Amino acid sequence: MESQARGGTRWRRFGLVMVPSVAATAAIGVALAQGALAASFAVSGQQFKVSLDELDGEGFVQYGALVTPSGGEERPVVVSAFDHATITNLCQSVVIPVPFFGDVTVRIGAGTNPDNPVEAENLFIDLVQLNGDATFGDLDIGVAVGSTTKGPTPESGAQPGSFAQQSDWALLEDVRQTAWATSAGSFKLTDLSLSVQRGKNECF
């Protein structure tokens, strides 16, 4: 009985520490969405998972780049960028290992109503894996980075003259992706929900 009480106390203490941290993370996200902070930031040492039913994007560009996670070595990523995107049934999750406690999952959901989707402007996603169905409009494959004319201007980290592709629009469906980072000039999260749970409870 005594050990159970101590375990409960540790969980409550973790909650007291974690909730303000999550609130701070949410505040940073809101500041980014409102353009109050620059989108450039140091990439954490953890990947996160994102699932969505549909992403309808205008002005699409995709190219290779490098990111350097905190405390790690450079990693190759594929950057997918959109001038504007609407997203239906978005789920984002990250599992945080806590010493002497175990895994904790921070999970965010939004845009569950197709008539009121998530909206993003100037959206950049640093991907390591993506699965789903994709349709592109007026697609150009093999464009040199630095010579793209569709989608946002490639950010630093892309090698000038390297391979890129672009299209007027892109429709992604039933997406499951793993990423290092996401940034946006604005990000409107409708029907937002955020949860912190002990153990692994990822989006997929």
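Please refer to the structure placed before this passage.
Residues numbered from 1 in each chain as written. Predicted model: local features only at pLDDT ≥ 70, side-chain atom pairs only at ≥ 80, totals over all residues. Heavy atoms only, no water.

A few points about a negative patch on the surface
We apply this condition: A patch consists of residues whose relative accessible area exceeds 30% and which take part in no salt bridge; residues with like charges are grouped when within 9 Å of each other, and nonpolar side chains (Val, Leu, Ile, Met, Phe, Trp, Tyr) when within 5 Å. Per-residue accessibility takes into account occlusion by the displayed protein chains alone, with areas from the Shrake-Rupley method and a 1.4 Å probe. For this analysis, a salt bridge means a side-chain nitrogen from Lys or Arg found within 4 Å of a carboxyl oxygen belonging to Asp or Glu. His is not counted, nor are the chain ends, whereas Lys and Arg count as positive and Asp and Glu as negative. Charge placement uses NZ in Lys and CZ in Arg. For Asp and Glu, CG and CD serve respectively. Counting from the N terminus, the helices are DSSP H or I runs at least four residues long and the strands are E runs at least two residues long. Each residue is assigned to one of three classes by its accessible area relative to the maximum for its type, calculated with a 1.4 Å probe on protein chains only: buried under 20%, partly exposed between the two thresholds, exposed over 50%.
Among the surface-exposed residues, Asp56, Glu58, Asp83, Glu119 and Glu121 lie close enough to one another that they form a single negatively charged patch. Of all the secondary structure elements, the ones that give two or more residues to the negative patch are strand E1 (48–67) and strand E5 (118–137). Along the polypeptide, Glu119 turns up in strand E5. Taking the relative accessible area as the measure of exposure, Glu119 reaches 32% and is therefore partly exposed.

Structural notes on the packing of aromatic side chains
The cut-off we apply is this: Within 6.5 Å between ring centres, the rings of Phe, Tyr and Trp (the latter by its six-membered ring) count as paired, and their orientation is classed by plane angle as stacked under 30 degrees, edge-to-face over 60, tilted in between. Only lysine NZ and arginine CZ atoms are considered, and such an atom sits over a ring when it is within 6 Å of the ring centre and within 35 degrees of the ring normal.
Taken as a whole and assessed by the stated rule, the structure comprises two aromatic pairs. Ring geometry for Phe60 and Phe82: centres 5.2 Å apart, planes at 40°, overall tilted. Of the two residues, Phe60 is situated in strand E1 and Phe82 in strand E2 (residues 75–88); the sequence distance between them amounts to 22 residues. On the numbers, 5.4 Å between centres and 35° between planes, the contact of Phe60 with Phe136 is tilted. Residue Phe60 is found in strand E1, and its partner Phe136 is found in strand E5; the two are separated by 76 residues along the sequence. The rings of Phe60, Phe82 and Phe136 are connected pair by pair, giving a single aromatic cluster. Of note, Lys49 hangs over the ring of Phe204, and the distance from its end group to the ring centre comes to 4.9 Å.

What about the nonpolar core?
Stated precisely, the cut-off is as follows: Residues belong to one nonpolar core when they are buried, are Ala, Val, Leu, Ile, Met, Phe, Trp, Tyr or Cys, and are joined through side-chain atoms within 4.5 Å. In this description, contact between two residues means that some pair of their heavy atoms is separated by no more than 4.5 Å.
One finds Leu52, Leu55, Phe82, Ile87 and Leu123 to be the most contacted residues of the largest nonpolar core, which totals 20 residues. Of all the secondary-structure elements, those providing two or more residues to this core are E1, E2, E5 and strand E7 (163–183). If sequence neighbours within four positions are ignored, Phe82 has contacts with Leu55, Gly57, Glu58, Gly59, Phe60, Asn122, Leu123, Pro152, Ala170 and Leu172. In terms of nonpolar packing, the next biggest core, distinct from the first, is built from 14 residues, Val61, Ala81, Val145 and Ala158 among them.

Regarding the environment of Asp103
Relative to the assigned elements, Asp103 resides in strand E4 (residues 102–110). Placed 94 residues apart in sequence, Asp103 and Gln197 show a C-alpha to C-alpha distance of 8.8 Å.

A word on the environment of Asp138
Within the secondary structure, Asp138 is located in the loop between E5 and strand E6 (140–144). Of the residues examined, Asp138 reaches a relative accessible area of 53% and is grouped as exposed. Sequence separation between Asp138 and Trp169 is 31 residues; the distance between their C-alpha atoms is 7.6 Å. Once you skip the residues sitting within four places of it in the chain, Asp138 turns out to touch Lys150, Gln166, Ser167 and Asp168.

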